[in-house]
Amino acid sequence: MSFAALWESLLPIGRDGPSGGYRRFSWTPEDAACRAWFTRSAAERDLRVLTDNNGNLWAWWDPPGRAPGPAGTGAVVTGSHLDSVPDGGAFDGPLGVVSAFAAVDLLRERGCLPVRPLGIAAFTEEEGARFGVACLGSRLLAGAIDPAAARALADAAGVTLAEAMAAAGHDPDRIGPDDDLLAAVGAYVELHVEQGRALADLGAAVAIGEQIWPHGRWRLDFTGRPDHAGTATLADRRDPMLPFAAAVLAARQAAASHGALATVGKVTAEPGAVNAVSARVSAWLDARGPDEQTLQAVVGQVLAAAREAAAGHGVELAAGPESVTPAVVFDPGLRERLASSLAGQGIEAPVLPTGAGHDAGVLAARVPAAMLFVRNPTGVSHSPAEHAEPADCAAGVRALATVLEDLACR
Ligand code: GLV
Ligand code: MN
Ligand code: MN
């Protein structure tokens, strides 16, 4: 199987020396290197590569004798993403793309030929690490974000998505929904490293995705008054750090009391002087819950606490969502189909829900979508410690090939 060679060839791209984690952000040189790797891997397999209007990559295995392109409809697509969170792990995203190429190799070893187009996709900016909106490439494709609003998204340095795409040689005026492309897709199956340790406890190497918790990101900008740390009296201060701190504690409390999750993993303080009261503190709240009502309750509680604390400290607060993804239940028919094709090969695959977001979740609004998860022994993810054992990666490739054979070759 070709998994190891593919994996090793992708591994050095965008790896940070000191942390050992990955910094693969969209439309950067590291992203370009990932794209070149994708194109090379596809070319080595005689797959036809396309970049869609939104910058997502597609590699097509056209059925023999069929007109090129997915236009015959009923195409079966697998894949994931190649970008990372800051200092992310090697597996989140790349495992699905590498496994997709390895599954194509395995299908060929088995002598399978697709009777409908089989595609491998790598979606752009899944993590939202550069421009703030999760699953940006699939969201644009599916029409789940306004293209003009997307073009105006800016990274931490103020570079807009439009500018970054143009600098990378991609026309930003073309971004937006692509109904023809989606109409050609009969099923999307994304393989992903498990982001949790349910499979380790269940003693199984792969699982089938059941649903994704509703989740989102909210940005909170606390604006106070910069002042001298050694002379401004406590009573006179308008310190944005204090309502920020109250919001972080409220997030933890709200999540715990609702059986949900809430995280503040990113914060900036300006101007960032040790010996000054900050002018502004910006924080990002990531919240996820078992249902939309709970999610709204958690976010509402955090924002109310932040507003109250801000008012108490004479601080202005501007808060709003950056991206919100509703609850997703994967297509039950497709899920059953995966379960029976895996069972037919003696592959045990429990069904698992997840709190992690995926392009499959965004695409599920437009096409039948499903997911396979590969065991992660510690469950740790979005971290350099993220891991899957080689034997489990091989089991994932076999499971994916089994599913693709059933969906695309019969
Ligand atoms: C994606 O990994 C997410 O759930 O944030
Ligand atoms: Mn991720
Ligand atoms: Mn991912």
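Our subject is the structure that appears above.
About the thresholds
Residues numbered from 1 in each chain as written. Chains lettered and ligands numbered in written order. Predicted model: local features only at pLDDT ≥ 70, side-chain atom pairs only at ≥ 80, totals over all residues. Heavy atoms only, no water. Near = heavy atom within 4 Å. Polar contact = N/O pair within 3.5 Å; in protein donor to acceptor, adjacent residues only side chain to side chain. Areas by Shrake-Rupley, 256 points an atom, 1.4 Å probe, with all protein chains shown as cover. Donors = N, O, S within 2.8 Å, 3.2 Å for Na, K, Ca; no water. Helix = DSSP H or I, 4+ residues; strand = E, 2+ residues; numbered from the N terminus. Buried < 20%, exposed > 50% of the residue type's maximum accessible area, 1.4 Å probe, protein only. Contact = heavy atoms within 4.5 Å. Phe/Tyr/Trp six-rings, centres within 6.5 Å; stacked < 30°, edge-to-face > 60°.

Caption draft 1: Structural detail: the site of ligand 1. Asp92, Glu126, Glu127, Arg288, Ala356, Gly357 and His382 make up every residue found near ligand 1. Arg288 places a side-chain nitrogen or oxygen 2.7 Å from an oxygen atom of ligand 1. Within the side chain of His382, one N or O atom sits 3.0 Å away from an oxygen atom of ligand 1. Coverage of ligand 1 by the protein chains reaches 93% of its 190 Å² of free accessible surface.

Caption draft 2: Spatial organisation of the coordination of the manganese ion (ligand 2). Coordination sphere of the manganese ion (ligand 2), protein contribution only: Asp92 (OD), Glu127 (OE), Glu127 (OE) and His382 (NE2), at 2.0 to 2.7 Å. Sequence spacing of the donors to the manganese ion (ligand 2): D-x34-E-x254-H. Between the two metal centres, the manganese ion (ligand 2) and the manganese ion (ligand 3), the spacing is 3.6 Å, with Asp92 acting as a shared donor. Of this pair, Glu127 sits in the loop between β4 (118-123) and α4 (136-142) while His382 sits in the loop between β15 (369-374) and α13 (390-408); the two residues are 255 residues apart in sequence, bridging distant segments of the chain. Since its relative accessible area comes to 6%, Glu127 is described here as buried. Overall, His382 belongs to the partly exposed group, its relative accessible area being 40%.

Caption draft 3: Representation of the environment of Ser381. Looking at the secondary structure, you find Ser381 in the loop between β15 and α13. Not counting residues up to four positions away in its chain, the partners in contact with Ser381 are Asp92, Gln195, Asn376 and Glu386. At 2.6 Å, the side chain of Ser381 forms a polar contact with the side chain of Glu386.

Caption draft 4: Broad picture of the packing of aromatic side chains. Taken as a whole and judged by the stated rule, the model has 7 aromatic pairs. Summarising the aromatic geometry, the rings of Phe3 and Trp7 are spaced 5.6 Å apart at their centres and angled 15° between planes, so their arrangement reads as stacked. Of this pair, Phe3 and Trp7 are both found in helix α1 (residues 3-10), 4 residues apart, which corresponds to roughly one turn of the helix. Residue classification places Trp7 among the buried residues on the basis of a relative accessible area of 9%. Here Trp37 and Phe101 contribute two aromatic rings whose centre-to-centre distance is 5.8 Å and whose plane-to-plane angle is 80°, an arrangement assigned as edge-to-face. In this pair, Trp37 sits in helix α2 (residues 29-43) while Phe101 sits in helix α3 (residues 94-109), placing the two residues 64 residues apart along the sequence. For Trp37, a relative accessible area of 1% corresponds to the buried category.

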